[in-house]
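Fold and geometry: a report
These are the residues of each chain, in order.
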Amino acid sequence: MIYFNNLTFKIKECICQLKEETPVLRIGKYQPRYPLIQGGMGVDISGPNLAGHVAKCGAIGTIASVGIAHNSPLFQRDKHNYFDANEIVIKEAIAQAKNIAGPEGIIAVNCMVALTDYDRQVRSSAEGGAHIIISGAGLPLRLPDYTKDFPDVALVPIVSSAKAASLITRHWEKKYHRQPDAFVVEEPATAGGHLGAMTIEQVYDPALRLENALPDVVRYVHDEMKSDIPVIAAGGIWDKSDIERVFALGASGVQMGTRFACTVEGDASDRFKQAYIDAKEEDVVLIHSPAGLPGRAIKNPFVAKYLEGEVESKPCFANCLTHCRYRKTRETFCIAAALVDAQVGNWETGLFFCGSNVVKVNKVERVKDIIAELFE
């Protein structure tokens, strides 16, 4: 009897220790079972199906709003109603994700500041019932204005430094009398898609590595904001050891994109997922995006030609970016068209954005298995 009592005590002690080591992630009014956000990936890589299943499994599922109407019959290019269609499809996607997730599921929408209809996409997300809006690819200085009629919607800027976090916070406090509900700190050296740097050289700036930027933002939140809002680490997160590493740096949660892109529940085509499985280290490259930002992608025939200076592009998709070099000079390519080609599996002409961890993808996984491996 003494042996079993001691064993029971040890088990309880281990459980308590595990609970103490795993932070509780609370963003505004929302607290997922696990301190994990599935990253927003466009165009339609993280759509309602992926986001809904992630939320169903106890993490935060994220729909990427960029280009979300590309496959909708509401979008007829000859009638130029792309922006109107976006508003409707965003709301439909949120409803679909919530239906999959169930009443306890938490659904976020990632809205890029660089989009022409950024304000409309944010408002549509709030009207559609998104619990959280995550916003990067620029400084979301007016995000509180666009959501002022929806006080329950949590607002989360993506930053790469304490300087950016301070700039956003001071502007929000002065103009809107509110603070962000969390920060996502993204490391350009490992993240996927558009990166939080202005030049390719800056992508590998040591100051922007999570080891440096994450503690800086945590200190800023605690010491200057006098707040306990969570700071979430993004970029290069793959397994439990990565999660433990950023928790030790002060993170209250993690955001993961690349690993969730190649799941059964992922909204991308099978050919897109196969591109991830086939990718090797030498295939992962940085490009100058038409949006004016560095981006990380797989070197397929389209990207290889682009890097060599041979530019090929389909016509402008929908005037979707506020700053687009292709629209102004025709020197690059329509990024929306290239991302759509990737989503549907056109290997020759698509732009396959990815994180540096794409080289670790060797199979199509299930969302529940990933989350169980990480936290259970």
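Quick summary incoming for the structure in this document. (Residues numbered from 1 in each chain as written. Predicted model: local features only at pLDDT ≥ 70, side-chain atom pairs only at ≥ 80, totals over all residues. Heavy atoms only, no water.)

**Regarding the pattern of salt bridges**
- Under the criterion given, the structure shown has 14 salt bridges.
- For Lys29, the salt bridge goes to Asp152, with nearest N and O atoms at 2.6 Å. Note that Lys29 is positioned in the loop between helix H1 (2–21) and strand E1 (36–38) and Asp152 in the loop between helix H5 (143–146) and strand E5 (154–159), a separation of 123 residues in sequence.
- Residue class for Asp152 comes out partly exposed when judged on its relative accessible area of 39%.
- With a closest N to O distance of 2.9 Å, Arg245 and Glu211 form a salt bridge. Of this pair, Arg245 sits in helix H9 (residues 240–248) while Glu211 sits in helix H8 (residues 210–224); the two residues are 34 residues apart in sequence, bridging distant segments of the chain.
- Residue Glu211 is classed as partly exposed on the basis of its relative accessible area of 36%.
- Each member of the salt-bridge network shares a partner with another, and the members are Asp84, Glu87 and Arg120. (Salt bridge = Lys/Arg side-chain N within 4 Å of Asp/Glu carboxyl O. Helix = DSSP H or I, 4+ residues; strand = E, 2+ residues; numbered from the N terminus. Buried < 20%, exposed > 50% of the residue type's maximum accessible area, 1.4 Å probe, protein only.)

**Here's the deal with the state of the cysteines**
- Taken as a whole and judged by the stated rule, the model has 0 disulfides.
- No disulfide involves Cys262; its sulfur sits 12 Å from that of Cys354, the nearest cysteine.
- By relative accessible area, which is 1% here, Cys262 ends up buried. (Disulfide = S-S within 2.5 Å.)

**Notes on the sheet that holds strand E11 (residues 294–298)**
- Overall, antiparallel pairing links the 3 strands, which are arranged E7-E11-E10 in an open sheet. In the strand order of this sheet, the two ends are held by strand E7 (193–194) and strand E10 (284–288), each with one partner. (Pairing = 2+ DSSP bridges.)

**Digging into the packing of helix H3 (residues 82–101) against helix H4 (residues 118–127)**
- Where H3 meets H4, the closest approach of the two axes is 9 Å, and the angle between their N-to-C directions is 30°. When the axis of H3 is compared with that of H4, the two are roughly parallel. In this structure, H3 crosses over H4, and the sense of that crossing is right-handed. Here Phe83, Asp84, Asn86, Glu87, Ile90, Lys91 and Ile94 of H3 come into contact with H4, specifically with Arg120, Gln121, Ser124, Ser125 and Glu127.
- Here the residues of the contact of H3 with H4 are counted per class, giving 3 nonpolar, 4 polar and 5 charged. (Axes fitted to C-alpha atoms, helices over the stretch in contact; angles between N-to-C directions. Parallel < 35°, antiparallel > 145°, perpendicular 65-115°, else oblique. Left-handed = near helix turned anticlockwise from the far one by under 90°. Contact = heavy atoms within 4.5 Å. Nonpolar A, V, L, I, M, F, W, Y, C, P; charged D, E, K, R; others polar.)

**A look at the pairing of strand E4 (residues 132–136)**
- In terms of burial, E4 is a largely internal element, 5 of the 5 residues being buried.
- Where burial is concerned, the two faces of E4 agree: the one with Ile132, Ile134 and Gly136 and the one with Ile133 and Ser135 are both buried.
- Bridging between strand E3 (residues 106–112) and E4 involves 5 bridges; their strand directions are parallel. Among the inter-strand pairings, Val109 is bridged to a residue of E4, identified as Ile133.
- With respect to chirality, the unit in which E3 leads through H4 into the neighbouring parallel E4 is right-handed.
- The sheet contact formed by E4 and E5 spans 4 bridges and is parallel. Each residue of the ladder has a partner; that of Ser135, found in E5, is Pro157. (Right-handed = clockwise from strand over helix to strand, strands pointing away.)

**Looking at the packing of helix H6 (residues 162–176) against H8**
- Interaxial distance between H6 and H8 falls to 8 Å at its minimum, and their mutual angle equals 30°. By the angle class used here, H6 and H8 are roughly parallel. Between H6, through Ala162, Ala165, Ser166 and Thr169, and H8, the contact on the second element is made entirely by Asp216, Val217 and Tyr220.
- When grouped by side-chain class, the residues that make up the contact of H6 with H8 number 4 nonpolar, 2 polar and 1 charged.

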